[in-house]
Amino acid sequence: MPSSISNFKKRLRLPRLFFRKPSREEQIHGGPPLEFERPIPPAPWGRIAVVITVVVIIATAGWEFYCRSLGYGPTLNDNEDLWTMKRRMVKPESVVIIGDSRAWFDVDLDEFQKGLGKRPIQLAMAGSTVLPALVDLADDEHFHGTIICSVVPHLFFAPPGSPPMDRAEKGVKRFHNQTPAQRVSQYLGMPLEEHIAFLKPDDLSLEALLNRLPIANRPGALVPPRFPPYFQTEDRERRARMWDECAKPGSELAKQIQQIWIPLFTPPAPPSYIPKEVFFAQINEGIKKRFADVTAATEKIRSRGGKIVFVRFPNTGGLKELEDRITPREKTWDPLLKMTGAPGIYYSDFPDLSGFDCPEWSHLSADDSVEFSRRLVPHVRDALNL
């Protein structure tokens, strides 16, 4: 009788009759190996494949045309891998732009290259705080270039664990830990994103569409503020330009985004389980620590011969009123310059920079960003003694 080991080693195949079981005699006495195979039912497989292919093409084309009818167009997505591509291009003497989406929208790389003699590397990231990128550059012992740092206090002082901090940390982490597969995937994905409009995971993925369902606040569960829709194009240099539809005076898209900024920039009420004085004391301690961390990073960069200038880019309308009220410059901007000893450019202090209007209150249109950059460059040169 075959041993249990020899039975274990026998090669089994799918049964010729798929549901046939070995007979009792075969189970007891062994016998020749059973030949297992799963029969393929007869069907017009070629025609089925053609029909499925046609349906997929029609559905994909229909979704693409629908997304384009909503105003979406082919453009790159601003993700950690694209940010990492630009971070790898930073050389010891590079000019680097860091910060939030205002530097991302409002800086024209061509104008800065004309005025500074070097083409800046765009590392500003929408909806993020500046600290992780600033610390990363400060810890790079080879870097001794120039940093142009945007300051939006609501984002600049974002606490650890908040979405702005999390987004910025993901970019820096991807730069240090990017796998070959992630790198190749980004290179292969860019040509598709540049030609297909519906590849917008922040807006048009199933998760994003579900998150846009109107859900009211209820006891014990507050719905977070909704984020603005995708309203810009982005190229391989990470240059963001506002859609023309959003830049039109009084456009519905601009009005929609304006009303999103207000709850998004309004600080949440103190939690009921923490005394207000304790809560605000914790907030103040967090702000002091942010000042200290930024100062330390700035000093580290300047100790190697690097330079940094802080820039407050334009904001207008109801968002400017809100920011001026909850983050006044005497409590944010002025202490930042005093503690770091770095120069700063506040747009409203200069007549040639203060006449611009932001269509959706927070960013300049594509055309205005070029003119604003042309006027900003001389102030940057003066601030850095270039």
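The rules behind the values
- Within any chain, residue numbers begin from 1 and follow the written order of that chain's sequence.
- Where totals are concerned, whole chains, interfaces and linings use all residues; where local detail is concerned, this predicted model gives features only for residues with pLDDT of at least 70, and gives and counts side-chain atom pairs only at 80 or more.
- Processing note: side-chain calculations cover all non-hydrogen atoms of the structure and skip hydrogens and water entirely.
- Across the chain, each position has a pLDDT score giving the predictor's confidence in that residue, from 0 to 100.
- The contact criterion used throughout is that any non-hydrogen atoms of two residues lie within 4.5 Å.
- Secondary structure follows DSSP: runs of H or I at least 4 residues long count as helices, runs of E at least 2 residues long count as strands, and numbering of each begins at the N terminus.
- Any pair of Phe, Tyr and Trp rings, taking the six-membered ring for Trp, is counted once the centres come within 6.5 Å. Such a pair is stacked with planes under 30 degrees apart, edge-to-face with planes over 60 apart, and tilted for the rest.
- Charge over a ring is defined by NZ of Lys or CZ of Arg lying within 6 Å of the ring centre and within 35 degrees of the ring normal.
- Two strands form a pair only when DSSP identifies at least two bridges running between them.
- Here, a salt bridge means any side-chain nitrogen of Lys or Arg that lies within 4 Å of a carboxyl oxygen of Asp or Glu.
- Buried means the residue's accessible area, taken with a 1.4 Å probe over protein chains only, is under 20% of the maximum for its type, while exposed means over 50%, and partly exposed covers the values in between.
- To obtain an axis, a line is fitted to C-alpha atoms, over the contacting stretch when the element is a helix, and the angle between two such axes runs from 0 to 180 degrees between their N-to-C directions.
- Under this scheme an angle from 65 to 115 degrees is roughly perpendicular, one under 35 degrees roughly parallel, and one over 145 degrees roughly antiparallel; angles in between are oblique.
- For any pair of crossing helices, the crossing counts as left-handed if the nearer helix is rotated counterclockwise from the farther one by less than a right angle, and right-handed if it is rotated clockwise.
- Buried Ala, Val, Leu, Ile, Met, Phe, Trp, Tyr and Cys residues that are joined via side-chain atoms within 4.5 Å together make up what is termed a nonpolar core.
- Patches in this entry comprise residues that are over 30% relatively accessible and not in a salt bridge; like charges within 9 Å are linked, as are nonpolar side chains (Val, Leu, Ile, Met, Phe, Trp, Tyr) within 5 Å.
- Working definition of accessibility: Shrake-Rupley area with a 1.4 Å probe, residue cover restricted to the visible protein chains.
- Here a helix's expected span is defined as the number of its residues, less one, multiplied by 1.5 Å.

Draft legend 1. Just the confidence of the model for the protein, in detail. On average, the protein scores 88 in pLDDT, and the residues at 70 or more come to 90%. Throughout residues 4–19 the model reports pLDDT below 50, and contacts reaching past four residues in sequence, or to other chains, amount to 25 contacts.

Draft legend 2. Structural context of the environment of Val172. In this fold, Val172 is placed in helix 9 (residues 163–177). Spatially, the C-alpha atom of Val172 lies 7.6 Å from that of Thr84, the residues being 88 residues apart in sequence. In this structure Val172 touches Trp83, Pro132, Ala133 and Asp136, once residues within four positions along its chain are discounted.

Draft legend 3. Structural view of the packing of aromatic side chains. Counted according to the given criterion, the structure contains 13 aromatic pairs. Aromatic side chains Tyr230 and Trp243 sit 6.4 Å apart centroid to centroid with 55° between the ring planes, which places their arrangement in the tilted category. Residue Tyr230 is located in the loop between helix 11 (206–211) and strand 4 (232–234), and its partner Trp243 is located in the loop between strand 5 (240–242) and helix 12 (244–247); the two are separated by 13 residues in the primary sequence. In this structure an aromatic cluster arises from ring pairing among Tyr72, Tyr230 and Trp243. The ring of Tyr230 carries Lys200 above its face, with NZ or CZ at 5.5 Å from the centroid. Between Arg329 and the ring centre of Tyr346, over which it is positioned, the NZ or CZ distance is 4.0 Å.

Draft legend 4. Looking closely at the sheet that holds strand 1 (residues 95–98). Read from one edge to the other, the open sheet built from five strands follows the order 2-1-3-6-7, with strand pairing classed as parallel. Each end of this open sheet is capped by a strand with a single partner; those strands are strand 2 (121–122) and strand 7 (344–346). Where strand 1 meets strand 2, two bridges bridge the pair, whose relative direction is parallel. Across the sheet, Ile97 pairs through a bridge with Gln122, a residue of strand 2.

Draft legend 5. Looking closely at the pattern of salt bridges. Per the counting criterion, the structure on display carries 25 salt bridges. Between Arg241 and Asp108 there is a salt bridge whose closest N-O contact spans 3.4 Å. Here Arg241, found in strand 5, pairs with Asp108, found in the loop between helix 5 (101–106) and helix 6 (109–116); they are 133 residues apart in sequence, far enough to count as distant. Judged by its relative accessible area of 29%, Arg241 is partly exposed. Residue Arg119 is joined to Glu237 by a salt bridge in which the shortest nitrogen-to-oxygen separation is 2.7 Å. Here Arg119 is found in the loop between helix 6 and strand 2, whereas its partner Glu237 is found in the loop between strand 4 and strand 5, with 118 residues between them in sequence. Connected through salt bridges with shared partners, the residues Asp78, Arg167, Glu234 and Arg238 form a single ionic network.

Draft legend 6. Broad picture of the packing of helix 14 (residues 276–303) against helix 16 (residues 333–340). Running from N to C, helix 14 and helix 16 cross one another at 40°; their axes reach a closest spacing of 9 Å. Classified by the interaxial angle, the pair formed by helix 14 and helix 16 is oblique. In terms of crossing hand, the pair formed by helix 14 and helix 16 is right-handed. Of helix 16, the residues touching helix 14 (which contributes Phe291, Val294, Thr295, Thr298 and Arg302) are Pro335, Leu336, Met339 and Thr340.

Draft legend 7. Up close: the nonpolar core. Ranked by internal contacts, the top residues of the largest apolar core, which has 78 residues, are Ile98 and Phe310. Counting residues per element, this core draws most heavily on helix 13 (residues 252–265), which supplies six residues.

Draft legend 8. Fine view of the pairing of strand 1. Going residue by residue along strand 1, you find Val95 and Ile97 tucked away on one face and Val96 and Ile98 tucked away on the opposite face as well. Where strand 1 lies against strand 3 (residues 146–150), four bridges are found, and the strand directions are parallel. The residue of strand 3 that forms the bridge with Val95 is Thr146.

Draft legend 9. Geometry of a nonpolar patch on the surface. Together, Ile40, Trp45, Ile48, Ile52 and Val56 make up an exposed nonpolar region whose accessible area comes to about 520 Å². Looking at the secondary structure, you find Ile40 in the loop between helix 2 (24–29) and helix 3 (45–69).

Draft legend 10. Examining helix 14 more closely. For helix 14, built from 28 residues, the straight-helix expectation of 40 Å at 1.5 Å per residue is met to within 8% by its first-to-last C-alpha distance of 41 Å. Taken residue by residue, helix 14 has Phe279, Arg290, Phe291, Val294, Thr295, Ala297, Thr298 and Ile301 as its buried positions. Contacts made by the buried residues of helix 14 are with helix 7 (131–139), strand 3, helix 8 (153–156), helix 9, strand 6 (307–312) and helix 16. Taken from the residues just after helix 14, Gly305 is the one with a positive phi, measuring 95°.

Draft legend 11. Representation of the environment of Lys248 in the model. By the secondary structure assignment, Lys248 is in the loop between helix 12 and helix 13. Classification of Lys248 as partly exposed rests on a relative accessible area of 46%. In this structure, the C-alpha to C-alpha distance between Lys248 and Pro359, residues 111 residues apart in sequence, is 7.4 Å.

Draft legend 12. Here's a closer look at unusual backbone geometry. Of note, Trp361 is a non-glycine position whose phi angle comes to about 80°, a positive value. Among the secondary structure elements, Trp361 is positioned in the loop between strand 7 and helix 17 (366–384). Given a relative accessible area of 17%, Trp361 falls into the buried group. Here the phi dihedral of Asn385 falls at roughly 55°; this positive angle occurs in a residue that is not glycine. Position of Asn385 relative to the elements: it lies in the segment after helix 17. Classification of Asn385 by relative accessible area gives exposed; the value is 68%.

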